[in-house]
Amino acid sequence: MAHNESTTDQVITVQPPSPAHTDAKRKVSIVTDPVERHGFDNLAFEQNPKRKISQTSDHSEIGPVHRKSILHNTNVDNDSLQSHHSHDAKTNNGDARMKKHSTTESYHSRANAKDDNQLEQSWIFALCMRCRVPYNTPSWEPKHWQKVCPYPLCPSYRQFANLLALVLIGVLIWVTAYAIIGDSAAPGGQLFGLVVLTVAANFGGWIISLTTLPRLIGMLLVGILFQNVGWVNLDGDFSHVTAELRKVALVIILTRAGLEMDPDAFKRVYITILKLGLVPWTVEAVIIGVMTHFLLGMPWIWGFMLGSIIAAVSPAVVVPCLFRLRTKGYGVAKGIPTLIVAVAGIDDAASVAVFGIISSIMFSSESLGFQIAQAPVCIIGGLGFGVLWGLLSKYVPEKGDAYAVPIRTLMLFGGGLLAVFGSELIKFEGAGPLAVVFAAFVSNYFWCQQGYDIEDNPVATAFEIFWMIFEPILFGITGAAVKINELEPDLVYLGLGCLVTSGVVRIISTIFIAFGDGLNWKEKVFVALSWSAKATVQAALGPVAMKHLTAQSSDEERTWADQVLTICVLSIVLTAPLGAIMISITGPKLLTKTKQPHNTDGWRRSHRPSLRDISIIDEEEEREDPEDVPDKSTINNTKTNTHVTPNEPVYTVTNPKGVQVLQKQPQS
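Owing to the predicted nature of the structure, the values given are computational and were not obtained by experimental measurement.

### Here we look at the side chain of Thr-536
Then step 1. Within the element layout of this structure, Thr-536 appears in helix H21 (residues 536-541).
Then step 2. We classify Thr-536 as buried; its relative accessible area is 3%.
Then step 3. The residues touching Thr-536, leaving out its near neighbours within four places in the chain, are Ile-253, Ser-314, Pro-315, Ala-316, Trp-467, Leu-474 and Phe-475.

Pasting the structure below:
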């Protein structure tokens, strides 16, 4: 009797789970060590594709639910077979022996399971699953849809209906445009060619995305193909239209960069962000300017203008790659993915601002004093307009308005267009891009105070939709500006030499400048490699110099403008896929995988990373609270002093401290 009392004293009392999760027939052994959880227990870790989860598992509701494929043999279902056996065992006069099947039936069951496993691991099945889009909400389907379009070989009805709606909308817009514009919108016209190029670029981007490379690579290659095969002609008077479309795309790019910036995070690590954002950017821009001056014969101002374009990092390439790494837990503890995206936004803002100031000086016909005033006036004017427009967004519209989100989106977009086109009109081009970035930044600051989540900002979601429309337009017309038969071989290999040299120097400078930021050498190398991808800013600004040329421009200026465009396109073709591959390959090798479950809800709701979770910590610092570490003595005492009666239903319960304890099942 005394022994039983001592045993009761050692057992930690916990509340039993609900009867819905209790199985009286199941025996659970005593576990003496904390259970290490993997897979679905930790959303920050990579899912194991070979892990089998039963329908009764607590994890079966986590993640997208996959229906049974037609590639499976539905005649044999192991789970249902076992449940049928269990039912027979319960109802057959209490006899627990299962009904035995013939050897032939058992053989066919194993053979079918083997064939299903091989089909699931085939490349056809993997390709079909990559083409399908998972949805978090229930999807309605016509009655016989699965018979006509079986899963997963055909798209779901939601995907089909979405595509059909887009096609119908496109046809309606084209018919309306043809009725208004006329021949330009007819087949063979320049506007019709631009529409066809955009649709083809979007399709090419989708094909490239199946290889996990950035979509923009396929869009750029489609534009180059259309131009050199002769399927599109965007020269002549229509070049003015493409130039304006680039400016609209630039407004979208800069607005998205401003909406990603978190003021609270900047207060904590602003030195790190500015240091890693501006110093390597300056180094690469200077290297490009010096090398193009001596190797290609460009004037200094043309070389530094090209350097300001090339030094920008592309979030369109970096963000998807970092999203995949972050969901697997790599670099999460120190906020490395978020830090990289933040610095990429600083790079874009610096590149566009410096490019605007330099181009204003280059193509200005005003006096010397006016040109000297370009830099300070552009900086002060851009910052002032951005702050005022962002402050206005705090009060207009009123935050409780039912249409606050669309009104805020249109006001921010309209303010950005006004800043870019207006600054160009008054001959201060550098002020517009700065105004766009700071208007988005200040607006986001006030909206977050009013309850918006920076990781799930509805205004930022609207600009993602805008970017989905303008991305194929931007990269399609950029690729269509490249004429392969007019390229000089010397320009190609000398341009590639400048790009490779400047990229290597930037990587080395980033590694050495990242001292005192709590990053080890492997993490510094990864951060430096991740900033090698170029795309969006190069596509938006590369052709701008050529559009500034007039009929009075000299042949040398046209040659230099053509060199700027060619090197920008080479930088996209070379660094965008290379940067994506390096991030994907080196991330798991150079970054530390988190040991604790990490909240990635914001990243799972949206692909937009933010600065909110930046936390530069020492590598040796443990993420576990010492109070949360299980006490081994308590576990041992629980093991040695707990007596379990044979044939008595028991189960284990993990308390909040991680200790495995025993609790008898309550009698029904």
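The rest of the description comes next.
### So, the confidence of the model for the chain
Predicted coordinates in areas of low pLDDT are best not read in detail.
Then step 1. For the chain, mean pLDDT is 75; residues scoring 70 or higher make up 69% of the total.
Then step 2. Below a pLDDT of 50 lies the segment residues 1-14, which in the model reaches 19 contacts outside its immediate sequence neighbourhood of four places, other chains included.
Then step 3. Residue range residues 17-101 is modelled with pLDDT below 50. Its contacts to residues more than four positions away, or to other chains, number 93 contacts.

### A closer look at the nonpolar core
Then step 1. Counting residues in each nonpolar core, the largest one holds 117 residues, and the members touching the most others are Trp-302 and Phe-526.
Then step 2. Ignoring anything within four residues of it in the chain, the contact list for Phe-526 reads Leu-322, Leu-325, Ile-336, Ile-340, Ile-583, Thr-586, Gly-587, Leu-590 and Leu-591.

### A short note on a nonpolar patch on the surface
Then step 1. Taken together, Val-500, Val-504, Ile-508, Phe-512, Trp-521, Leu-574 and Leu-578 make up a surface patch of nonpolar side chains, about 680 Å² in accessible area.
Then step 2. Going through the elements one at a time, helix H19 (489-513) and helix H23 (555-590) are the ones with two or more residues in the nonpolar patch.
Then step 3. The dominant element in the nonpolar patch, judged by the number of residues it contributes, is H19, at four residues.
Then step 4. Mapped onto the fold, Val-504 is located in helix H19.
Then step 5. Judged by relative accessible area, Val-504 falls into the partly exposed class, the value being 43%.

### What about H23?
Then step 1. Over its 36 residues, H23 runs 49 Å from end to end, which matches the ideal 52 Å to within 8%, given 1.5 Å per residue.
Then step 2. When the local axis directions of H23 are compared, the greatest deviation, roughly 30 degrees, occurs at Thr-575, which is followed within four positions by the proline Pro-577.

Cut-offs and rules
Residues numbered from 1 in each chain as written. Predicted model: local features only at pLDDT ≥ 70, side-chain atom pairs only at ≥ 80, totals over all residues. Heavy atoms only, no water. Helix = DSSP H or I, 4+ residues; strand = E, 2+ residues; numbered from the N terminus. Buried < 20%, exposed > 50% of the residue type's maximum accessible area, 1.4 Å probe, protein only. Contact = heavy atoms within 4.5 Å. pLDDT = per-residue confidence, 0-100. Core = buried A, V, L, I, M, F, W, Y, C linked by side-chain atoms within 4.5 Å. Patch = residues over 30% accessible without salt bridge, like charges linked within 9 Å, V, L, I, M, F, W, Y side chains within 5 Å. Areas by Shrake-Rupley, 256 points an atom, 1.4 Å probe, with all protein chains shown as cover. Salt bridge = Lys/Arg side-chain N within 4 Å of Asp/Glu carboxyl O. Expected span 1.5 Å × (residues − 1). Bend = angle between axes of the 7 residues up to and from the residue.

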